[in-house]
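Architecture at a glance
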Amino acid sequence: MEASVENRENVIIAARIFRTEPSQLLNPWPGGYLLPFRKPKRVRTAFSPSQLLKLEHAFENNHYVVGAERKSLAQTLSLTETQVSGIINGRMYQKYKLGVK
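Here is a short report on the structure shown in this document. (Residues numbered from 1 in each chain as written. Predicted model: local features only at pLDDT ≥ 70, side-chain atom pairs only at ≥ 80, totals over all residues. Heavy atoms only, no water.)

**Things to note about the overall build of the chain**
Put simply, the test is: Runs of H or I in DSSP of at least four residues are treated as helices and runs of E of at least two as strands, each being numbered from the N terminus. Note on classification: 1.4 Å probe, protein chains only; a residue is buried when its accessible area is under 20% of the maximum for its type, exposed when over 50%, partly exposed between these limits. Only heavy atoms matter for contacts: two residues are in contact if any of them lie within 4.5 Å across the pair.
Broken down by element type, the chain carries five helices and zero strands. Counting from the amino terminus, the chain carries its helices and strands in the arrangement α-α-α-α-α. For the chain, the residues scored as buried account for 18% of the 101 residues in total. Partitioning the contacts of the chain with sequence separation of at least 6, the portion at a separation of at least 24 is 37%.

**Points about a nonpolar patch on the surface**
Our working definition: Each patch is built from residues lacking any salt bridge and having more than 30% relative accessible area; the joining distance is 9 Å for like charges and 5 Å for nonpolar side chains (Val, Leu, Ile, Met, Phe, Trp, Tyr). Only the protein chains shown count as covering a residue, and every accessible area follows the Shrake-Rupley method with a 1.4 Å probe. The salt bridge criterion pairs a side-chain nitrogen of Lys or Arg with a carboxyl oxygen of Asp or Glu, the two atoms within 4 Å.
Nonpolar side chains collect at one region of the surface, where Y64, V66 and Y96 lie side by side and expose about 360 Å² of accessible area between them. Residue Y96 is classed as partly exposed on the basis of its relative accessible area of 48%.

**Details of the pattern of salt bridges**
A full pass over the atoms with the stated rule returns two salt bridges. Taking the shortest distance from any N to any O, the salt bridge between E56 and R91 comes out at 2.3 Å. Here E56, found in helix α3 (residues 49–61), pairs with R91, found in helix α5 (residues 81–98); they are 35 residues apart in sequence, far enough to count as distant. Judged by relative accessible area, which is 26%, E56 ranks as partly exposed. Overall, the relative accessible area of 24% leaves R91 in the partly exposed class. Of the charged contacts in the structure, one is a salt bridge between R70 and E81, with a shortest N-O distance of 3.4 Å. Of this pair, R70 sits in helix α4 (residues 67–77) while E81 sits in helix α5, placing them 11 residues apart in sequence.

**Details of the packing of α3 against α5**
The condition that has to hold: Under this scheme, a helix contributes an axis fitted over its contacting stretch, all axes are lines through C-alpha atoms, and angles between N-to-C directions fall in the 0 to 180 degree range. Here roughly perpendicular refers to angles of 65 to 115 degrees, roughly parallel to angles under 35, roughly antiparallel to angles over 145, and oblique to all remaining angles. Crossing handedness: left-handed means the near helix sits turned counterclockwise from the far one by under a right angle, and right-handed means the same turn made clockwise. When residue character is reported, Ala, Val, Leu, Ile, Met, Phe, Trp, Tyr, Cys and Pro are called nonpolar, Asp, Glu, Lys and Arg charged, and the others, Gly included, polar.
One way to put it is that α3 packs onto α5 with a least axis distance of 10 Å and a crossing angle of 60°. Our classification of the angle between α3 and α5 gives oblique. Handedness of the α3/α5 crossing: right-handed. Contacts between α3 and α5 pair L52, L55, E56 and F59 from the former with V84, I87, I88, R91, M92 and K95 from the latter. In terms of residue class, the contact of α3 with α5 is built from seven nonpolar, no polar and three charged.

**Regarding α5**
Filter applied, for reference: Expected helix span is given by 1.5 Å per residue-to-residue step, counting one fewer step than there are residues. This arc is built from the directions going out from the helix axis to the C-beta atoms.
Taking 1.5 Å of rise per residue, the 18 residues of α5 would be expected to cover 26 Å, and the 25 Å separating its terminal C-alpha atoms lies within 8% of that figure. All buried positions along α5 are accounted for by V84, I87, I88 and M92. Down the axis of α5, the buried set is contained in an arc of 135°. They therefore lie on one face. Those residues of α5 that are exposed and angled more than 90 degrees off the buried face are T82, K97 and L98. On its buried side, α5 packs onto α3 and α4. Remark: G99 follows α5 within two positions and exhibits a positive phi of approximately 75°.

Following this line, the structure appears as structure tokens:
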């Protein structure tokens, strides 16, 4: 009898952690899992030193890399436009908010 009370308490704690109803944790999900499936974290992209150097030069020339310039820069570096804009935005943040050179 104590085991079922302990199990119920564990289910309630897990429900709080996963922000779901305890009844959802008691019924197995498709595939037999008892807890909700979490999407794995995305692996952080490692940029090459040459890519970073070219991006730094682009940032020095123009702090606001937009439109066709961003698209051509992304194509020459084999990156996506989102990656290029993310790096440029990060440099802008460092320069203006943190005072980093």
